[in-house]
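Chain residues, written in single-letter form:
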Amino acid sequence: MIFETERLILRPWAEDDAEECYKYAKDPRVGPIAGWPAHTSAENSRQVIRDVLSAPETYAVVLKETGLPVGSIGLKFHCDLAEKDDEAELGYWIGVPYWGRGIVPEAARELLRRAFEDLGLERVWCGWYDGNERSRRVQEKLGFSHKWTSTDVPVPQMGETRVGHVNLLTRAEWLAEKQKRQ
């Protein structure tokens, strides 16, 4: 599946994207704050594309103007936050040069549309760790509401525990938000 927004194309990752993925995922400001280690090489990025980013409903965030990926966004099913069949967890990251440009909210709006309209989901969960204020702000812009905060949340890929915040957007809330924008 491929989706388009005003400035973006959301498409499946390909192994050929490894160099571009590495360009942004090697920055220690990107992965660690989201709970995963910075990539160590293009080959490491290629492996992550194979093992993680090739999951269903996971997309490269590609700028129309360049045709190159600058981040990732996806819906994850049957995981810690999204245990039921009618829910998913939204995850995303974007390269540092593109922070603050509204790219993640733009991509997320399209993926939320897919979640609620195409896939018929009732709930989309999203979380952020203390210190990741950019992610918190994205979730607020999208209409997510805070449900709980947990201390000592295991972050296995980083070998540590953190304070984690969990937010939720329901289909009804999304529809109300969508009507306000029209």
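In case you missed it, the structure is sitting above this.
Here is a short report on the structure shown in this document. Bear in mind the structure is a predicted one, so any value in this text is a computation, not a measurement.

## With respect to the packing of aromatic side chains
Then comes step 1: Following the criterion strictly, the structure yields 6 aromatic pairs and no others.
Then comes step 2: Between Tyr24 and Tyr98 the ring centres are 5.8 Å apart and the planes differ by 75°, which places this aromatic pair in the edge-to-face class. With Tyr24 in helix H1 (residues 18–25) and Tyr98 in the loop between strand S5 (87–94) and helix H4 (103–118), this pair connects stretches of sequence that are 74 residues apart.
Then comes step 3: Measuring from centroid to centroid gives 5.5 Å for Trp125 and Trp148, while their planes differ by 50°, and the two rings are tilted. Here Trp125, found in strand S6 (residues 123–129), pairs with Trp148, found in strand S7 (residues 145–155); they are 23 residues apart in sequence, far enough to count as distant.
Then comes step 4: Judged by relative accessible area, which is 36%, Trp148 ranks as partly exposed.
Then comes step 5: Members of the aromatic cluster, connected to one another through ring pairs, are Trp13, Trp36 and Trp93.
Then comes step 6: Here Arg162 stacks its cationic end above the ring of Tyr129, 4.9 Å away from the centre of that ring.

## Quick look at unusual backbone geometry
Then comes step 1: The backbone of Glu57 shows a phi angle near 65°, a positive value even though the residue is not glycine.
Then comes step 2: Tracing the backbone through its elements, the reader meets Glu57 in the loop between helix H3 (42–53) and strand S3 (58–63).
Then comes step 3: Judged by relative accessible area, Glu57 falls into the buried class, the value being 14%.
Then comes step 4: In this structure, His78 takes a positive phi of about 50° despite not being glycine.

## Focus: the nonpolar core
Then comes step 1: If you look at the biggest cluster of nonpolar residues, it comprises 43 residues, and the most contacted ones within it are Val61, Ile73, Leu90, Trp93, Leu112, Val124 and Phe144.
Then comes step 2: Among the secondary structure elements, those contributing two or more residues to this core are strand S2 (8–11), H1, H3, S3, strand S4 (69–76), S5, H4 and S6.
Then comes step 3: Tallying contributions element by element places H4 first for this core, with 8 residues.
Then comes step 4: Excluding anything up to four places from it in sequence, Val61 contacts Leu8, Ile9, Leu10, Leu68, Pro69, Val70, Gly71, Ser72, Ile73, Ile94, Ile103 and Ala107.
Then comes step 5: Of all hydrophobic cores here, the second largest spans 6 residues; its members include Cys79, Leu81, Ala82 and Leu168.

## Side note on empty space enclosed by the protein
Then comes step 1: Tallying each qualifying case throughout the model produces 1 cavity of 30 Å³ or more.
Then comes step 2: If you add up the space inside the largest cavity, you get close to 40 Å³.
Then comes step 3: For the largest cavity, the full set of lining residues is Arg109, Leu112, Lys141, Leu142, Trp174 and Arg181.
Then comes step 4: At the level of elements, H4 and helix H6 (171–181) are the ones that each hand at least two residues to the lining of the largest cavity.

## Overview of the sheet that holds S4
Then comes step 1: Strands sit in the order S1-S2-S3-S4-S5-S6-S8-S7 across an open sheet of 8 strands; the sheet is mixed. Every interior strand has two partners, whereas the edge strands, strand S1 (3–4) and S7, have only one.
Then comes step 2: With 6 bridges joining them, S4 and S5 adopt antiparallel strand pairing. Following the sheet pairing, Gly71 is matched in S5 by Ile94.
Then comes step 3: Sitting on the sheet, H6 is in contact with S7 and strand S8 (160–170), with an inclination near 65° to S8.

Procedures and definitions
Residues numbered from 1 in each chain as written. Predicted model: local features only at pLDDT ≥ 70, side-chain atom pairs only at ≥ 80, totals over all residues. Heavy atoms only, no water. Phe/Tyr/Trp six-rings, centres within 6.5 Å; stacked < 30°, edge-to-face > 60°. Helix = DSSP H or I, 4+ residues; strand = E, 2+ residues; numbered from the N terminus. Buried < 20%, exposed > 50% of the residue type's maximum accessible area, 1.4 Å probe, protein only. Lys NZ or Arg CZ within 6 Å of the ring centre and 35° of its normal. Core = buried A, V, L, I, M, F, W, Y, C linked by side-chain atoms within 4.5 Å. Contact = heavy atoms within 4.5 Å. 1 Å grid on protein atoms, 1.4 Å probe; cavity = no way out; pocket = protein on both sides within 12 Å on 5 of 7 lines; lining within 4 Å. Points joined across faces, edges and corners; volume = space filled by probe spheres on them. Pairing = 2+ DSSP bridges. Axes fitted to C-alpha atoms, helices over the stretch in contact; angles between N-to-C directions.

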